[in-house]
Amino acid sequence: MPPIENKPNTREAILDAAETVVGRDGSSRLTIDAVVVESGYSKGGVLYHFPNKTALLAAMVDRMVEGITVKIDGARSEAEDKSAPILPAIISAMVHHRKPDTNVSSALLAASAEQPELLDSARDYIEKIVADAVSPAPDPILGLIAFLAMDGLHFSDLLGLHYVDDAQREAVQSRLIQMMTEMYA
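Note that the coordinates shown come from a computational prediction; the quantities given were computed from them, not determined experimentally.

Rules used in this analysis
- Residues numbered from 1 in each chain as written.
- Predicted model: local features only at pLDDT ≥ 70, side-chain atom pairs only at ≥ 80, totals over all residues.
- Heavy atoms only, no water.
- Salt bridge = Lys/Arg side-chain N within 4 Å of Asp/Glu carboxyl O.
- Helix = DSSP H or I, 4+ residues; strand = E, 2+ residues; numbered from the N terminus.
- Buried < 20%, exposed > 50% of the residue type's maximum accessible area, 1.4 Å probe, protein only.
- Patch = residues over 30% accessible without salt bridge, like charges linked within 9 Å, V, L, I, M, F, W, Y side chains within 5 Å.
- Areas by Shrake-Rupley, 256 points an atom, 1.4 Å probe, with all protein chains shown as cover.

**Student:** I'd love a proper account of the pattern of salt bridges, names of residues and values included.
**Tutor:** Between side chains of opposite charge, pairing is possible as soon as their charged atoms come close. The final tally for this structure, using the stated rule, is 13 salt bridges. Between Arg-169 and Asp-157 there is a salt bridge whose closest N-O contact spans 2.8 Å. Of this pair, Arg-169 sits in helix α9 (residues 166-182) while Asp-157 sits in helix α8 (residues 140-158); the two residues are twelve residues apart in sequence, bridging distant segments of the chain. The burial state of Arg-169 is the same as that of Asp-157; both residues are buried. Between Glu-182 and Arg-175 there is a salt bridge, and its shortest N-O distance comes to 3.6 Å. A residue is classified by how much of its surface remains accessible, and Glu-182, at 44% relative accessible area, is partly exposed. Among the charged side chains, a network of salt bridges with common partners joins Glu-12, Asp-16, Glu-19 and Arg-63.

**Student:** Mind laying out a nonpolar patch on the surface, listing which residues take part and the relevant values?
**Tutor:** Residues Leu-109, Phe-155, Leu-159, Leu-161 and Tyr-163 make up a contiguous nonpolar surface patch of about 500 Å² in total accessible area. Summarising the element assignment, Leu-161 is placed in the loop between α8 and α9.

**Student:** Can you tell me about the environment of Ala-13, naming the residues and giving the values?
**Tutor:** As for its placement among the helices and strands, Ala-13 is situated in helix α1 (residues 10-25). It is 9.9 Å that separates the C-alpha atoms of Ala-13 and Glu-38, two residues lying 25 residues apart in sequence.

By themselves, these figures tell us nothing about what the structure is for.
Have a look at this one:
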C-alpha cells in the first residue's frame, strides 16, 4: 500500500475509489471498508482524509459540483471580458460540460435524499449562478426556463428516462443556446 504522507493525490485517489464503489454498487454499499478495498489504502489512511461516510459523500458531491463550477465560472469570466451577456455563456457551458457518470450521480442523489445537507454547497452555488444570470436578462423567466430545461435533461439521464434520443437532445440544447443568444439581440 502506498504511504499516505508521500502521495499528494491520496485524497483524490480515495474519492476515485469511492466513486467506483458507488457507481458499481450504489450508495448503500459505500462504506469505509469498501473504499479501503477499492483504493488499496489502509483504513487509517482513508479515515485520515474522510473520518466517516458522510464526509466522504460530501466530498464526492463537492467534487462533482467543482467540475461544473470550473466550466460555468470560466464561461462567465469569458463573457464578462467580452462585455457579453452571461446567461447564454452559462447555458452553453452547461450544454458542453461532459456528461457525468450517471451511476455515480444517481447514487449521490439517492444519498442526498437521506441527507439533504449534502447538497447545501451545491444548492447555494446554483441559486447564486441562476440569480446572477437571469436577473439582468431581458426576459428572466425565459432564462429560468432554460435552466429548468437543462435540469430536466440531466435528471432524465439520471433517472433513465430515455424519451429523448441523442439527436433530439442536441436539437434542444442548440435551441436553448439560440434562444438565450437571441434574447439579447
